[in-house]
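# Coordinate analysis (summary)
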Amino acid sequence: MAVATFEIGFTRFLDRSGEVVQPLPAFASEAKALIPLYRSMTRLRMFDAKAVALQRTGRLGTYAAALGEEAVTIGLASAMAADDVLVPAFRDQGAQLWRGVGLVDILAYWGGDERGSVAGPSEDFPVCVPIGTHFPHAVGVALAIKLRRQSRAVVCIGGDGATSKGDVYEAMNMAGLWQLPVVFVVSNNQWAISVPRQRQTAAATLAQKAIAAGIPGEQVDGNDVIAVRHAVDEALAAARAGRGPRLIEAVTYRLGDHTTSDDATRYRDDATVSTHWAEEPLVRLRRYLTAQGVWTKEDEEAMQVALAAEIEKAVADYLALPPPAPQDMFDHLFAVLPADLKAQRDTLAEEEALHA
Amino acid sequence: MPEVTLVGAVNLALARAMEDDPSVLVLGEDVGVDGGVFRATDGLLGRFGPERVFDTPLAEASIAGMAVGLAAQGFRPVAEIQFSGFIYPAIDQMVNHAARLRNRTRSRLSCPMVLRAPNGGGIRAAEHHSESVEAFFVNIPGLRVVVPSSPAKAYGLLLAAIRDPDPVVFLEPPRLYRALKEEVADDGRALSLDTSFVIREGTDVTLVTWGASVVEAMAAADDLAADGVEAEVIDVACLKPLDMGPILASVERTGRCVIVHEAPLTGAPGAEIAARIAERGLMSLVAPVQRVTGYDTVMPLLRLEKAFIPSTRRVIDAALRTLEYA
């Protein structure tokens, strides 16, 4: 007995050459309107490169660059309204930056300072490091929105690795059950650190994991920012209108190491990675913008100069940021510090004073 | 004043909190139509409706995780885990998220949630239904861990837990759910979450305990009193943060201390209390601190659970051992 049959759609507007392969959605009808997306993706790539360089020279902690995945993280954020809620994973600094988190905040967080997680929209979650454990938070936030009958939604992002976690399935199941206003985006960059996509699951796509939870799942070309933006736009519109959650698998490729602590040459060869450089998201969009006559070599150079200056300024501000006082580790643990902890805080302060 | 059981007091506190504050929600497995497998949430669905009292799918990690999301949005979710042996998947959410959210965001987001669960044995339940899990939680920075021992404590402490701006793990002893009744005024008055309670005064030996073991400690104190030994009994109630004040003050007077808990011996809160007595009250002691606890064994199935759970006899014997020292 067939209780369900399904197809997983795959959406792409711009191919690797920057050629339009199907009619563009309304937001992309004017090529000029895509320039902010291109600029933000370039900004993210340049910033990531700088952050990796800072880590290599001992001035930043572990860092997870989004190299190759810029279209996913920028595309999904660009579809969000200001009052939607972002529940990000640890490689989503691009979405955070789009939503107003500062470059210096991202550096502060990965440089080991919790103050880096304060900025940004007040309801957005900070990045989640334990894989997939933030998906249930998105369910809780979406349930809160539904209970208050608000017309807004949640966007929750994880990687291909996260889809192996029970938390992710549990969250999709609950979101489907209660028809919650949440969009789950899986940035399938083909690698869970060293384990490739085909050794993570027997499922033909990650999008189809939504089907068992009773929610629609689809694939988009994760290197095509128009496709990502369009799919998240539509999913958010449905979610805000009370038509429930969706899962979007953005098919992309991690061109860099998992993090600065990783050495991807241990498990994949450069030749394979090189073939994926031909698919990467910035070049195809630049080709399209150039072909449309809205982007020139001069525009590119001017943008890069301006972004480099902005990033240098942020790095300088970050490096000038004084560290928090050691007692700071106590001061935000509870609304009111319990007496038992106050004693420990006092002990730390005394030791600091003694050895100052 | 009505006489209620401990589980009845939990129900009363939940209803009072929901009545007073529309942001309080009750969620968990079977908490709705069924009213909870122990009936702690009985009647709440009818009274407050399905948007405030709802059954979740069977997924402990996401029950806690969803509560984190709701709490970050300003709701005050009270999430029930059905039995202590099923709480472990939820620990991930409590340690990695609930307990850290305020600190991670410098209070931009916070997590005013309560995770309720039965804790401990003595009800002839199936395997994985009788474990004492408080030790797992007291080692988590950023959490409060509360264990009521009576209907009045359950009412006042649960109200305090729900009103607290930070996450609280509330562990209820099922052995006491229906073991005794007492008068509880449904007056909405919360107890402090920062206090250990002296529940019986005495001069000769200090019995420090919490949860269901309060019953055996009090019975032991009665028995000892018949032999002329006056035991002071302290119900710690709030295991984290720990209020050592009344414990140290008592040990200073008695010079003798017996710590009683059902959780396995090693690394449980009794070890912390003994260590703090050693740090700050050692010179008051005239006898070594004694611990009467569950053993470092798997919680036995029901035929042996009585042999595992600290008995009144074991508490008396330990108290008498301290009295062998002059």
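Residues numbered from 1 in each chain as written. Chains lettered and ligands numbered in written order. Predicted model: local features only at pLDDT ≥ 70, side-chain atom pairs only at ≥ 80, totals over all residues. Heavy atoms only, no water.

### Remarks on the domain arrangement of chain B
Residues and elements named next belong to chain B. Selection rule: Those domain boundaries reflect an automatic or database domain assignment. For this analysis, residues touch if any pair of their heavy atoms sits within 4.5 Å. Salt bridges are defined as contacts in which a side-chain nitrogen from Lys or Arg sits within 4 Å of a carboxyl oxygen from Asp or Glu. Under this definition, polar contacts are N or O atom pairs within 3.5 Å; protein pairs additionally need one hydrogen-donor-capable and one acceptor-capable atom, and for neighbouring residues in sequence, both atoms have to be side-chain atoms. Under the DSSP-based scheme used, a helix requires at least four consecutive residues in state H or I and a strand at least two consecutive residues in state E, with every element numbered from the N terminus. For this scheme, ten residues count as nonpolar: Ala, Val, Leu, Ile, Met, Phe, Trp, Tyr, Cys and Pro. Four count as charged, namely Asp, Glu, Lys and Arg, and the remainder, Gly too, count as polar.
Split into domains, chain B comes out as domain 1 (3–183) and domain 2 (197–323). Of note, the centres of domain 1 and domain 2, computed from C-alpha atoms alone, are 26 Å apart. Taken together, the contact pairs 28 residues of domain 1 with 26 residues of domain 2. On inspection of domain 1 and its partner domain 2, the count reaches 3 salt bridges. The partner of Arg 175 in a salt bridge is Glu 216, and the shortest N-O contact between them spans 2.9 Å. The interface formed by domain 1 and domain 2 includes 13 residue pairs in polar contact (both at pLDDT 80 or more). Listing elements by their share of the side of domain 1 that touches domain 2, those giving two or more residues are helix 6 (134–138), strand 6 (144–146) and helix 7 (151–163). Of the residues contributing to the side of domain 1 that touches domain 2, the split by class is 14 nonpolar, 7 polar and 7 charged.

### Things to note about the packing of aromatic side chains
For any pair of aromatic rings, geometry is given as the distance between the ring centres together with the angle between the planes. For clarity, the cut-off: Two rings from Phe, Tyr or Trp (for Trp, the six-membered ring) form a pair when their centres sit within 6.5 Å of each other. Planes less than 30 degrees apart are called stacked, planes more than 60 degrees apart edge-to-face, and all others tilted. Type-normalised accessible area, obtained with a 1.4 Å probe on protein chains alone, sets the label of each residue: buried when under 20%, exposed when over 50%, and partly exposed for intermediate values. Whether a charge sits over a ring comes down to the Lys NZ or Arg CZ being within 6 Å of the ring centre and within 35 degrees of the ring normal.
In the structure shown here, the tally under the stated rule is 12 aromatic pairs over all chains. Judged by centre distance (6.4 Å) and plane angle (85°), the rings of Phe 47 of chain A and Tyr 63 of chain A are edge-to-face. Taken together, the residues span a long stretch of sequence, with Phe 47 of chain A in helix 1 (residues 35–56) and Tyr 63 of chain A in the loop between helix 1 and helix 2 (70–79) at a distance of 16 residues. A relative accessible area of 1% places Phe 47 of chain A in the buried class. You can call Tyr 63 of chain A buried: its relative accessible area is 1%. For the ring pair Phe 38 of chain B and Tyr 177 of chain B, a centre distance of 4.8 Å and an interplane angle of 55° mean the geometry is tilted. In this pair, Phe 38 of chain B is assigned in the loop between strand 2 (24–28) and helix 2 (44–48) and Tyr 177 of chain B in the loop between strand 7 (168–172) and strand 8 (182–183), connecting sequence segments 139 residues apart. The pair Phe 38 of chain B / Tyr 177 of chain B is uniform in exposure class, with both members buried. Through a chain of ring-to-ring contacts, the aromatic side chains of Phe 47, Tyr 63, Tyr 109 and Trp 110 of chain A assemble into a single cluster. The residue whose ring lies beneath Arg 229 of chain A is Phe 27 of chain A, and the NZ or CZ to ring-centre distance is 4.4 Å. Residue placement shows Lys 153 of chain B over the ring face of Phe 197 of chain B; its charged tip is 4.9 Å from the ring centre.

### Quick word on the packing of helix 5 (residues 135–147) of chain A against helix 3 (residues 60–72) of chain B
Worth spelling out the cut-off: Each axis is a line fitted through C-alpha atoms, and for a helix only the stretch in contact is used; angles between axes span 0 to 180 degrees, taken between their N-to-C directions. Any angle that is under 35 degrees is reported as roughly parallel, and any over 145 degrees as roughly antiparallel; angles of 65 to 115 degrees are reported as roughly perpendicular and all others as oblique. With the far helix as reference, a near helix turned anticlockwise by less than a right angle produces a left-handed crossing, and one turned clockwise produces a right-handed crossing.
Contact geometry for helix 5 of chain A and helix 3 of chain B: axes closest at 6 Å, N-to-C directions at 50°. In terms of their interaxial angle, helix 5 of chain A and helix 3 of chain B are classed as oblique. Handedness of the helix 5 of chain A/helix 3 of chain B crossing: right-handed. Listed contacts from helix 3 of chain B to Pro 136, His 137, Val 139, Gly 140, Val 141, Leu 143 and Ala 144 of chain A of helix 5 of chain A are Ser 62, Gly 65, Met 66, Val 68, Gly 69 and Leu 70 of chain B. A per-class count over the contact of helix 5 of chain A with helix 3 of chain B returns 8 nonpolar, 5 polar and no charged.

### Here's the deal with the interface of chain A and chain B
Using the following cut-off: Throughout, buried area stands for the accessible area (probe radius 1.4 Å) lost by two parts on being put together, summed over both.
Facing 45 residues of chain A, the contacting portion of chain B comprises 42 residues. Contact between chain A and chain B buries roughly 3,600 Å² in total, counting both sides, with carbon and sulfur atoms accounting for 58%. Where chain A meets chain B, there are 3 salt bridges. Across the salt bridge formed by Asp 340 of chain A and Arg 276 of chain B, the nearest N and O atoms sit 2.6 Å from each other. Scanning the region where chain A abuts chain B turns up 18 residue pairs in polar contact (both at pLDDT 80 or more). When contributions to the side of chain A that touches chain B are tallied by element, the ones reaching two or more residues are helix 5, helix 6 (166–177), helix 12 (328–331) and helix 13 (339–354) of chain A. Top contributing element to the side of chain A that touches chain B by residue count: helix 5 of chain A, with 8 residues. Among the residues making up the side of chain A that touches chain B, the classes are represented as 26 nonpolar, 8 polar and 11 charged.

### As for the pattern of salt bridges
A side chain of one charge can pair with a side chain of the opposite charge if their charged atoms are brought near each other. In this structure the tally under the stated criterion is 41 salt bridges over all chains. Here Lys 342 of chain A makes a salt bridge to Asp 346 of chain A, at a shortest N to O gap of 3.3 Å. Here Lys 342 of chain A pairs with Asp 346 of chain A, and both are found in helix 13, just 4 residues apart, close to one helical turn. Looking at Lys 342 of chain A, the relative accessible area reads 43%, which means it is partly exposed. The closest approach of N and O atoms between Asp 166 of chain B and Arg 102 of chain B, which form a salt bridge, is 2.6 Å. Residue Asp 166 of chain B is located in the loop between helix 7 and strand 7, and its partner Arg 102 of chain B is located in helix 5 (residues 101–104); the two are separated by 64 residues in the primary sequence. Classification of Arg 102 of chain B by relative accessible area gives buried; the value is 9%. The structure contains a network of salt bridges with shared partners spanning Arg 12, Arg 16, Asp 221, Glu 279 and Arg 284 of chain A.

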